[in-house]
Each structure stands twice: as structure tokens, then as C-alpha cells.
Amino acid sequence: MNKTFSPPWWATSPHVQTILPLLTKVASPRLRRERLELTDGDFIDLDWQGEPSQGRPILVIIHGLEGSAQSHYARRLLQACAALQLCALVHHHRSCSGEPNRLGRSYHSGDTADLAFNLARLKARFPDSPLYAVGYSLGGNVLAKYQGETHSASLLARAVVVSAPLQLAACAKRLEKGFSKLYQGYLIKQLQQKLRAKLADPKLSSSMPVADTQVDELSSFYRFDDKVTAPLHGFSGVDDYYQRASGMAFLANIASPTLIIHAKDDPFMTEAVIPSRQQLSAAVEYELHHHGGHVGFIQGGSPWKPRFYLEGRIMQFLTGEDHAGTL
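Note that the structure is a prediction, hence the values are computed from the model and not measured. (Residues numbered from 1 in each chain as written. Predicted model: local features only at pLDDT ≥ 70, side-chain atom pairs only at ≥ 80, totals over all residues. Heavy atoms only, no water.)

### Some words on empty space enclosed by the protein
A water-sized probe rolled over the atoms picks out the places where empty space is left.
Piece 1. What the rule picks out here adds up to 1 cavity of 30 Å³ or more.
Piece 2. The calculated volume of the largest cavity comes to roughly 50 Å³.
Piece 3. Looking at the largest cavity, the residues that line it are I44, I62, H91, H92, H93, R94, Y107, D111, D114, L115 and V142.
Piece 4. Taken together, the residues that form the lining of the largest cavity break down as 5 nonpolar, 3 polar and 3 charged. (1 Å grid on protein atoms, 1.4 Å probe; cavity = no way out; pocket = protein on both sides within 12 Å on 5 of 7 lines; lining within 4 Å. Points joined across faces, edges and corners; volume = space filled by probe spheres on them. Nonpolar A, V, L, I, M, F, W, Y, C, P; charged D, E, K, R; others polar.)

Structure (C-alpha cells):
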């Protein structure tokens, strides 16, 4: 498969690349839910497509901020997996499967513990099955950080990181400017809604770091992360959180084959997320495209039926085969 990406003339705008996939219909996959009980009394939900079998690869899909198995990119990748008869599951972050999680805390951009727990459990159940993972946006940062943290002990045979905010502080500032503020507002409203639900729960409200009267003030990622994300997850403040949770510093320690894909025009990012060659281990293959937006990468078709670059490239990297005629 050609590793170069070029958008059609009608999709050169980063905002078309980012927004049109959200509006494009993708068939809802048939999924089987499994609840994974965590050691701290909370849970995460896994949505399976296909039946796992010993010795056959399993692909773990890690969604972005406030995403799920129903996100457009997850649906498209699940379709690609079905076409290739590859068993896949969506790893939902806490509170993202359609049911609130039990604890005051939820998930964050550097939260690798739940992913590590899930992968260890999968490896114990299917020791002969290669494990692959694909992480998008926030989920991509989590995946990159996991790969670097675990180094040669990573349980993943291969991994793909798409549109990851590898420098969180720079991305938070970017989302406070221009048209990108609309993306921030859309996501912040979802986070505020979940926060209000926890503040209204008598079992959780006393452990929350803010009061209901303060929620409207948390109108940017920087403010929300400083007042909510950081204290709930053991960070001293937003700067500590952004520094320790950003995936960039972990790239040099990655030991298993990992593909990272970015678009230079991503409206969620700045050039701070682009690693230098010295910041990458020899196991990392890095692709930087001029266009693509945020988890977009429309490469053809029409505005009514766009064709995408990501699924074919992801599968080519994971399997070593060109599936251009299949996907």
C-alpha cells in the first residue's frame, strides 16, 4: 500500500477532514459486551466483534476523549476487521460505554493502568494470540505512553497511534484559539454533563474537588484539567498532569513495532506534537502528512461517500499485507 496520503480537492480543509467523518454514516457493528471488574472496585466495558480463538490475533481499539465503540473511526476499523476476519474489541475508558462508572475518578490522557490490566488479562486467556492495538487521539496518547512505559515488556506485538496529543499543554492552548474553540466547547460540554451527574450523586459528591456552582466556569480544557482531572487522579495541578501524562517523552523507549500517524493541519494540535528523529526509538515508524485534520484522512470518494486512508494503512502495518482490494 502507498504510504502517502493526499486528500481530494474538496477535502483539503482540516475542518472538512475533521467534521465530515462525524457526519458520514457507518453501519453499526454487532458487538458483544464484556464487563471487566477492576481492582479498585470500578469497571470498564469491552465490546467484542468476532470470537477470539487461541493463536489468532486480537485487535484492541482504544477510543478518544468521550468516544466509544460507536465513534466513526471505531466503526470503520471494526468494519475492516470484519472484512479480514480479525477478532477485535473496543476498550472503553471508564464512563464511556454508556453507563457511568462507580468512582469519582474516571479516565485521563495518561491513564495506562486500565489498558495494562486489560492486556494482561487478554494475554493470560489467549497466551498464543498476538495482541495488536490501535489508539485514536487521547487513546493514542495512552497507547504511546503504555508502549514506552513497558518497553520490551509490552504485551503488544504491534501498535498504531493516530492523531495523538503527545504534548498535552500545547494542545490545550491550541484548542483555546480560533475555530478550534468549537471543538473544545463540544467536548467540554460532555465532560461538564458527566461531572454534574457525579456531583448530584450523594455517594460521590463529597469526594469531588469542585461544587456544582463551579462547573460552568470550567469552560476550557486547561481549567477543567486543573480543577477536576488533576486532583481526581493524583496530580498536583494541571501542569504536573500535562507533563507526566504526555506521550512524547515515552516514544524513545518503545521496543515493539509502533506506527504513529499525524496530520500537520490537525486543528487539535500544534507542531509541538511532532517528534524529532532523536525522540523516536528504532521501533517507531512515524508518518506526518500535510493534510488529514483530526482523525480524518479522507482520501477520495465524494462528500456523500468519502473513502478513508486510515483503515487500509493500519491493517497493512499490523498484518504486513496490502488489503487495498479488500477494504
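### Digging into the nonpolar core
Piece 1. Counting residues in hydrophobic clusters, the biggest one holds 34 residues, and the most contacted among them are W48, V60, L115, L119, L143, L156 and L251.
Piece 2. When residues of this core are traced back to their parent elements, those giving at least two are β2 (43-49), β3 (58-62), β4 (87-91), α3 (113-125), β5 (131-136), α4 (138-150) and β6 (158-162).
Piece 3. Element by element, the count of residues in this core is highest for α4, at 5 residues.
Piece 4. Once residues lying within four places of it in the same chain are set aside, the contact partners of L251 are A144, L166, I260, P275, Q279, L280, S281 and V284.
Piece 5. Judged by nonpolar contacts, the second largest core, of 29 residues, contains F5, V162, L259 and Y309. (Core = buried A, V, L, I, M, F, W, Y, C linked by side-chain atoms within 4.5 Å. Buried < 20%, exposed > 50% of the residue type's maximum accessible area, 1.4 Å probe, protein only. Helix = DSSP H or I, 4+ residues; strand = E, 2+ residues; numbered from the N terminus. Contact = heavy atoms within 4.5 Å.)

### Let's talk about the packing of aromatic side chains
Piece 1. The final tally for this structure, using the stated rule, is 9 aromatic pairs.
Piece 2. Site record: aromatic cluster; members linked through ring pairs are Y222, F235, Y241 and Y242.
Piece 3. Taking the ring centre of F308 as reference, the NZ or CZ of R76 above it sits at 3.6 Å.
Piece 4. When the ring centre of F317 is taken as origin, the NZ or CZ atom of R158, which lies over that ring, is 4.8 Å away. (Phe/Tyr/Trp six-rings, centres within 6.5 Å; stacked < 30°, edge-to-face > 60°. Lys NZ or Arg CZ within 6 Å of the ring centre and 35° of its normal.)

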